[in-house]
Amino acid sequence: MSNENKGEGNATQNLLNTLKTNPKVIYALGGAVILVLLALAFGGGGSGEVQIKSTVQVGQTVVVSNPNVGDSQLTVAPGLINVASGEEQTDEQRVCVVPAGTHATLEEESIVGALPFVKLKILDGSCEGKSGWTSKINVSAN
């Protein structure tokens, strides 16, 4: 056996002895691995812009369905009106409350801040014929 192989054996043996006698090293290594994995997962493209995967397009018939379960609200303008100020929306801002499963035509898209919004024209149900804005997450392809 050469001196080089003995050195590798000693280094491995020293590492194993350290792990056996000091289990905190195992936790530190595990934490470092988790941090690296999180950095890779959330690192993204680095352009600084929000990437929005568009599954629906203007002119397409869509189904309104709130991912948080419940109805979706149509408003006269895109954006989260009065949410930051803590005020309730007035009837002038609200166009209609659309039940889940309602069909609509996507008329327009807009991004307010970093959030995507869509303008819909409702095709059936209690809001039929009305147009208004809702979060893009509330619609899916027909």
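Since the structure is predicted, the reported quantities are computational estimates derived from the model, not experimental observations.

Right, let's talk about the state of the cysteines for a bit. A complete count under the given rule lists one disulfide for this structure. Here Cys 96 connects covalently by a disulfide to Cys 127, the sulfurs 1.6 Å from one another. One disulfide, between Cys 96 and Cys 127, carries an S-S torsion of -65 degrees and so falls in the left-handed class. Separated by 31 residues along the polypeptide, Cys 96 in strand 3 (residues 94-98) and Cys 127 in the loop between strand 5 (115-122) and strand 6 (131-135) bring together distant segments of the chain. Judged on exposure class, the residue Cys 96 and its partner Cys 127 are both buried.

With that settled, the discussion passes to the nonpolar core. Judged by nonpolar contacts, the single largest core of 13 residues is most densely connected at Val 62, Val 98, Ala 104, Leu 106, Leu 120, Ile 122 and Val 139. Elements represented by at least two residues in this core include exactly strand 1 (61-64), strand 3, strand 4 (102-112) and strand 5. Element by element, the count of residues in this core is highest for strand 5, at three residues. With residues up to four places along the chain from it excluded, the contact list for Val 98 reads Val 64, Asp 71, Ser 72, Leu 74, Ile 122 and Cys 127.

The phi torsion at Val 69 lies on the positive side, around 65 degrees, for a residue other than glycine. Here Val 69 is to be found in the loop between strand 1 and strand 2 (72-75). Residue classification places Val 69 among the exposed residues on the basis of a relative accessible area of 74%.

Our focus in this paragraph is the pairing of strand 4. Relative to strand 4, strand 1 runs antiparallel, the two being bridged by four bridges. Across the sheet, the residue bridging to Thr 61 is Thr 105, located in strand 4. Note that strand 4 and strand 5 share eight bridges and pair antiparallel. Paired with Thr 105 across the strands is Lys 121, a residue of strand 5.

The next point concerns the confidence of the model for the protein. Low pLDDT marks stretches whose predicted atomic positions should not be read closely. Confidence in the prediction for the protein averages 79 pLDDT; 77% of positions are at 70 or higher. In this model, residues 48-53 is a region of pLDDT below 50 whose contacts with residues beyond four sequence positions or in other chains number four contacts. Note on residues 82-87: pLDDT is under 50 here. Beyond four places in sequence and across chains, it has three contacts.

Looking now at the side chain of Asn 138. On the secondary structure map, Asn 138 appears in the loop between strand 6 and strand 7 (139-141). Within the local environment of Asn 138, its side chain forms a polar contact with the side chain of Thr 134, the two groups lying 2.9 Å apart. Ignoring anything within four residues of it in the chain, the contact list for Asn 138 reads Val 63, Val 64, Ser 65, Asn 66, Pro 67 and Ser 72.

Among the structural elements, Asn 66 can be located in the loop between strand 1 and strand 2. Of the polar contacts made by the side chain of Asn 66, one reaches the backbone nitrogen of Asn 68; its length is 2.8 Å. A distance of 3.1 Å separates the side chain of Asn 66 from the backbone oxygen of Asp 71, its partner in a polar contact. Excluding anything up to four places from it in sequence, Asn 66 contacts Asp 71, Ser 72 and Asn 138.

Conventions used here
Residues numbered from 1 in each chain as written. Predicted model: local features only at pLDDT ≥ 70, side-chain atom pairs only at ≥ 80, totals over all residues. Heavy atoms only, no water. Disulfide = S-S within 2.5 Å. Helix = DSSP H or I, 4+ residues; strand = E, 2+ residues; numbered from the N terminus. Buried < 20%, exposed > 50% of the residue type's maximum accessible area, 1.4 Å probe, protein only. Core = buried A, V, L, I, M, F, W, Y, C linked by side-chain atoms within 4.5 Å. Contact = heavy atoms within 4.5 Å. Pairing = 2+ DSSP bridges. pLDDT = per-residue confidence, 0-100. Polar contact = N/O pair within 3.5 Å; in protein donor to acceptor, adjacent residues only side chain to side chain.

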